[in-house]
Amino acid sequence: MLDQKLSLEILKATARIASSTPHLDQILSQIIDVVKNKMNIDACSIFLIDDAEKVSLKAFSGYGVDETANLSLNMGQGITGWVARHKNTLALREAMQDPRFVFIPNMEEEQFQSMLSVPILREEQCIGVANVHTRDKRYFSPVEILVLETIADQVAGCISNALVYAKNQMMIKELSILYDVSLGAQSTLNPELGLWVILSGITRGEAGGFNRAILFTVEDGELIGTMGLGPDSPEDAQRIWTELDGEGKEYQIAQKMISEEEKDEYSKSNFNKFAKTLRYPLKENDNVLAEAALKRKIVHVENCAGHPLVSDEFCQTFGVDSFAAVPLTAHDEVLGVIFTDNRYNAKPITQTSLHLLARFAAHAGWVLENSRLISRLVATNRELLSMKDRLIETEKLSALGRLSAEVAHEIKNPIVSIGGFARRLKDKFMENHEASQNRQEEESALNYANIIFEETQKLERLLKDILTYPKTGDLNLEICNPDQLIQESLDAFKTLLLGQDVKIETHIQKDLSPALIDPIKIKQVINNILSNALESMPRGGKIKVSVYLVDSDKDEEQSFLTIHIEDSGGGIPDQALDNIFNPFFTTKKTGTGLGLSICRKIVENHGGTLRVENFKNKGVGVFILLPLKNSRDCTKKEHPSDGRPEIFFDEQT
Amino acid sequence: MKEKKKKKILIADDEDNIRFLYKEELEDEGYDVCLASDAEETLAMAREERPDLVTLDIKMPGMDGLELLGILKKENNDVPVILCSAYGSYKQDFRVWSSDAYVVKSADLKELKSTIKEILVSSGK
Ligand SMILES: Nc1ncnc2c1ncn2[C@@H]1O[C@H](COP(=O)(O)OP(=O)(O)OP(=O)(O)O)[C@@H](O)[C@H]1O
Ligand SMILES: [Mg+2]
């Protein structure tokens with residue numbers, strides 16, 4: 001019999017337990033110990049009712065039940081089930097005689113004569129049942145009943161607390177993980193790192209708690225395995241979990257950013273390598289991953305066998321029966337899928353973890369989107385930088401151009417007269433040569449004059465190149481007939497071929513439409529390229545010139561006049577190839593090295609491109625591509641019939 | 001038929017040696033040559049000597065060769081003028097177009113000589 005003092009003691013003890021810890025399991029088992037010891041009874045148990053209306057044994061003492069037994073009753077089943085359904089206390093002196101008694105295997109309730117069963121109520125709902133049993137027949141006193149009912153109330157309170165606590169814990173965890181993920185994704189410009197953070201959120205510690213996760217990204221109508229995080233084997237899994245345990249159970253993921261080394265370790269793992277071998281078509285009704293991506297829903301497969309979209313092969317590849325796949329989206333666009341499973345501990349995938357997974361997936365989607373934006377930004381940036389470099393180069397060259405134009409002009413006149421008189425000297429000697437008595441002396445004087453003349457010719461060429469170095473946009477556009485232009489260039493060039501064993505072959509497409517170009521400049525380009533070709537074949541060879549139209553692959557309206565000049569001069573040596581467009585780069589004794597850089601400048605000023613194709617030991621092909629679209633736009637600008645505008649001089653000057 | 005008179009060419013250039021070179025070369029070619037070293041002299045000579053052709057350096061002290069070209073042409077539009085310059089970039093200046101030819105100076109006078117011959121033939125002088 002329970003006296004009042006003792007019952008107060010019991011209640012005080014259970015109340016203390018209830019407020020000592022938020023962990024429900026601990027509370028229940030401690031309460032049971034107190035009840036069993038102090039109430040002078042033989043067994044005590046607490047059942048809780050879950051969402052599925054199952055009345056499950058949560059804590060107990062004094063029964064023959066195995067510690068790990070998963071015992072659960074239906075509502076209304078047995079005495080416990082009746083109490084749960086009717087929310088009424090039952091105190092039975094001879095429990096087994098009661099019509100509501102049902103034999104429950106493993107529980108060994110038969111050994112007890114009397115039983116007191118009280119409902120655990122919260123907000124009018126029955127959320128569980130507390131039972132005590134005695135071997136001897138006993139009438140439970142009103143005090144005993146009251147004590148157990150009060151304890152049941154305390155348990156109800158604890159359960160509420162525990163639920164709130166668990167929910168809070170969950171939310172804190174979620175928040176901290178999500179915080180970590182955003183932090184990881186934001187604080188690094190490296191999107192890969194951000195994605196590793198997310199995958200580790202899904203798999204590590206108390207967070208997502210999944211064993212493995214694989215990120216698939218959408219590329220060209222396929223889901224491509226991009227990265228995978230998880231143990232390589234069961235042993236590996238064991239190792240990781242022991243390590244994690246060492247770090248303390250309350251694993252504070254939020255303070256743990258992934259370092260570069262960790263990232264490297266992740267990407268070197270066999271599992272990641274495995275993940276990268278995976279690819280599945282992004283087709284409807286083809287596979288579950290595509291299903292998750294296309295329908296934009298979480299797919300949770302509990303049993304591979306029999307699932308219409310999971311093939312045996314798929315099961316074998318992953319080695320699991322149960323897994324989940326969540327879509328990654330950003331701006332309504334599917335970017336990929338995350339696959340995740342519990343291969344090593346075979347823990348069932350719960351609703352809660354799926355929810356968390358969905359949130360990770362949302363973040364991963366944004367990280368991916370970010371990474372796309374970033375890579376676009378980086379590309380644009382690179383383009384801008386190279387543009388800047390080229391601008392600087394242009395700037396330098398035009399400064400050089402301005403400076404040298406002044407100097408060159410001052411030098412030009414003296415050179416012309418030096419060269420001119422040297423030539424006259426030479427001519428004079430030549431005239432008198434035959435008649436002269438001093439032949440030998442005159443011969444050498446003639447030679448000297450010749451050298452002076454030739455050197456000045458070289459200087460003149462250099463000056464010409466510098467002085468004609470094109471300034472930006474410096475074009476004098478005219479409508480020209482390409483056919484005629486090429487012919488004129490070739491005619492001018494043919495004089496250089498005299499005495500050389502070089503043949504020129506030409507193929508000019510018929511009916512080429514007129515082009516709006518600067519004829520003098522383009523002739524200069526053609527001449528430069530032809531000269532290079534000629535100079536590459538001192539022992540003779542062949543030059544092939546082809547002229548034809550090429551349609552742009554980007555724009556239908558746009559076509560290019562293409563002048564293709566090929567030689568058989570053996571090509572450009574490797575070490576020179578990178579430099580041929582640099583001003584003043586030359587491999588020739590008499591070259592200025594301005595030829596190709598001038599040509600490119602001129603062609604680019606026309607909005608065209610100059611391309612050099614090098615065939616080692618064979619020759620070089622140069623493509624001059626000039627856009628033709630302009631000529632249609634500009635027909636109105638056509639000059640009067642003779643191609644020259646009329647000239648008016650200002651009367652005042 | 002009247003005996004062919006020697007053609008007269010006025011060379012306008014501020015560089016003494018260039019003028020001298022041109023004179024020597026053109027006289028060898030069988031022309032009468034008169035010389036001018038600045039803009040004023042050029043205009044005076046053009047009026048006095050009535051040359052069949054003028055070679056004009058674009059860059060001369062005092063007056064810009066292109067300006068001078070305008071005045072020459074206004075006074076006597078018939079006289080052919082060949083512009084000579086140290087470099088080719090003047091070809092873009094539209095005022096150059098009123099000249100009859102444009103020759104870049106060189107120690108090799110072949111181009112100048114053939115241009116002179118062509119112009120004299122085509123102008124029927
Ligand atoms: N058709 C070609 N075959 C072999 N090498 C070539 C050819 N074209 C160009 N090159 C190489 O590229 C270099 C640069 O050519 P570029 O025309 O710019 O200058 P260059 O010919 O040396 O001098 P410049 O043209 O000013 O007289 C040449 O010196 C030569 O080495
Ligand atoms: Mg060259």
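Criteria and cut-off values
Residues numbered from 1 in each chain as written. Chains lettered and ligands numbered in written order. Predicted model: local features only at pLDDT ≥ 70, side-chain atom pairs only at ≥ 80, totals over all residues. Heavy atoms only, no water. Near = heavy atom within 4 Å. Polar contact = N/O pair within 3.5 Å; in protein donor to acceptor, adjacent residues only side chain to side chain. Helix = DSSP H or I, 4+ residues; strand = E, 2+ residues; numbered from the N terminus. Salt bridge = Lys/Arg side-chain N within 4 Å of Asp/Glu carboxyl O. Buried < 20%, exposed > 50% of the residue type's maximum accessible area, 1.4 Å probe, protein only. Pairing = 2+ DSSP bridges. Axes fitted to C-alpha atoms, helices over the stretch in contact; angles between N-to-C directions. Contact = heavy atoms within 4.5 Å. Phe/Tyr/Trp six-rings, centres within 6.5 Å; stacked < 30°, edge-to-face > 60°. Lys NZ or Arg CZ within 6 Å of the ring centre and 35° of its normal. pLDDT = per-residue confidence, 0-100. Left-handed = near helix turned anticlockwise from the far one by under 90°. Nonpolar A, V, L, I, M, F, W, Y, C, P; charged D, E, K, R; others polar.

Enquirer: Would you take a moment to explain the site of ligand 1 for this structure?
Expert: Residues and elements named next belong to chain A. Taken together, 20 residues lie around ligand 1, and Asp567, Thr586, Thr587, Lys588 and Thr592 are the ones closest in. Asp567 places a side-chain nitrogen or oxygen 2.7 Å from a nitrogen atom of ligand 1. Between an oxygen atom of ligand 1 and a side-chain N or O atom of Thr587, the distance comes to 2.5 Å. Looking at the shell around ligand 1, the elements that each hand over two or more residues are helix H14 (519–535) and helix H16 (595–605).

Enquirer: I would appreciate a short explanation of the pattern of salt bridges in the present structure.
Expert: Here the idea is simple: oppositely charged side chains can pair when their charged atoms come close. This model, assessed by the stated rule, comprises 30 salt bridges over all chains. We note a salt bridge from Asp341(A) to Arg212(A), for which the minimum N-O separation is 2.6 Å. With Asp341(A) in strand S12 (residues 333–341) and Arg212(A) in strand S7 (residues 212–219), this residue pair connects regions lying 129 residues apart in the sequence. An identical accessibility class is assigned to Asp341(A) and Arg212(A); each is buried. Glu535(A) is the partner of Lys588(A) in a salt bridge, and the nearest nitrogen-oxygen pair spans 2.6 Å. Here Lys588(A) is found in the loop between helix H15 (574–577) and H16, whereas its partner Glu535(A) is found in helix H14, with 53 residues between them in sequence. The exposure class assigned to Lys588(A) is partly exposed, which follows from its relative accessible area of 31%. What makes Glu535(A) partly exposed here is its relative accessible area of 45%. If you follow the salt bridges from partner to partner, you end up with Arg423(A), Arg424(A), Asp427(A), Glu24(B), Glu25(B), Asp28(B), Glu29(B) and Lys113(B) in one network.

Enquirer: What should I look at first to understand the sheet that holds strand S8 (residues 222–229) of chain A in this one?
Expert: In sheet architecture, strand pairing relies on hydrogen bonds along the backbone and comes in two forms, parallel and antiparallel. All names here are of chain A. Strand order in this open sheet of six strands is S9-S8-S7-S12-S11-S10, and the pairing throughout is antiparallel. Two strands close off the open sheet at either side, each with one partner strand: strand S9 (279–281) and strand S10 (299–301). Across the sheet, the axes of successive neighbouring strands diverge by a mean angle of 25 degrees, strand direction being ignored. Bridge analysis of S7 against S12 gives six bridges, and the strand direction is antiparallel. Across the sheet, residue Leu215 finds its bridge partner in S12, namely Ile338. Packed on one face of the sheet, helix H9 (residues 288–295) meets S7, S8, S9, S10, strand S11 (323–330) and S12 and runs near 35 degrees to S11.

Enquirer: Honestly, the sheet that holds strand S16 (residues 541–551) of chain A in this entry has me stumped. Any pointers?
Expert: All names here are of chain A. Pairing within the open sheet is mixed, and its five strands lie in the order S14-S16-S17-S19-S18. Looking along the sheet, the strands with just one partner apiece sit at the ends: strand S14 (502–508) and strand S18 (609–615). When strand polarity is set aside, the average angle formed by the axes of neighbouring strands in this sheet is 15 degrees. Inspection of the sheet shows strand S17 (residues 559–567) paired to strand S19 (residues 619–627) by seven bridges, in the antiparallel sense. Along S19, the bridge assignment pairs Ile565 with Val622. Where H16 meets the sheet, its contacts fall on S18 and S19, and the angle it forms with S18 comes to roughly 140 degrees.

Enquirer: I tried to follow the packing of aromatic side chains on my own but got confused; where do I start?
Expert: Two aromatic rings, taken as a pair, are described by how far apart their centres are and by the angle between their planes. Enumeration according to the criterion identifies 12 aromatic pairs over all chains in this entry. Geometrically, the ring pair formed by Phe421(A) and Phe20(B) is tilted, given 5.4 Å between the ring centres and 35 degrees between the ring planes. In this pair, Phe421(A) sits in helix H11 (residues 351–433) while Phe20(B) sits in helix H1 (residues 16–28), so the two residues belong to two different chains. Residue classification places Phe421(A) among the partly exposed positions, given a relative accessible area of 24%. The class of Phe20(B) is partly exposed, set by a relative accessible area of 41%. Members of the aromatic cluster, connected to one another through ring pairs, are Phe216(A), Phe271(A), Phe274(A), Tyr280(A), Phe314(A), Phe318(A), Phe323(A) and Phe339(A). Looking at Arg600(A), its charged tip hangs above the ring of Phe581(A), at a distance of 4.4 Å from the centre. The ring of Phe623(A) has Arg611(A) sitting right over it, with the charged end atom 4.6 Å from the ring centre.

Enquirer: So what exactly am I meant to see when it comes to the pairing of S11(A) here?
Expert: On a regular strand, each side chain points to the face opposite its neighbour's, so the side chains alternate between the two faces of the sheet. All names here are of chain A. Along S11, seven of the eight residues are buried, which leaves the element largely enclosed by surrounding structure. Looking at chain direction, S10 and S11 are connected through three bridges and run antiparallel. Directly across from His300, in S11, lies its bridge partner Ala324. One ladder, built from eight bridges, connects S11 with S12; its direction is antiparallel. Its bridge partner lying in S12, Leu328 is registered against Gly336. Joining the antiparallel neighbours S11 and S12 is a turn of two residues, in which His331 adopts a positive phi near 50 degrees.

Enquirer: Would you mind going over the confidence of the model for chain A with me for this structure?
Expert: Low pLDDT means the predicted coordinates in that region are not meant to be read closely. Residue and element names in this part refer to chain A. When pLDDT is averaged along chain A, the result is 82; 86% of the residues meet or exceed 70. Segment residues 246–255: pLDDT under 50, and 15 contacts once partners within four positions in sequence are set aside and those in other chains are kept. Confidence over residues 630–653 falls short of pLDDT 50; this stretch has 26 contacts with residues more than four positions distant or in other chains.

Enquirer: Would you explain the packing of H14(A) against H16(A) in this entry?
Expert: When two helices pack together, their arrangement is given by the angle between the helix axes and by the axis-to-axis distance. Residue and element names in this part refer to chain A. As a packed pair, H14 and H16 sit with axes 9 Å apart at the nearest point and diverge in direction by 145 degrees. Crossing geometry of H14 relative to H16 is assigned as left-handed. On the side of H14, the interface is formed by Lys521, Ile522, Gln524, Val525, Asn528, Ile529 and Asn532, while H16 contributes Gly595, Leu596, Ile598, Cys599, Ile602 and Val603. Among the residues making up the contact of H14 with H16, the classes are represented as eight nonpolar, four polar and one charged.

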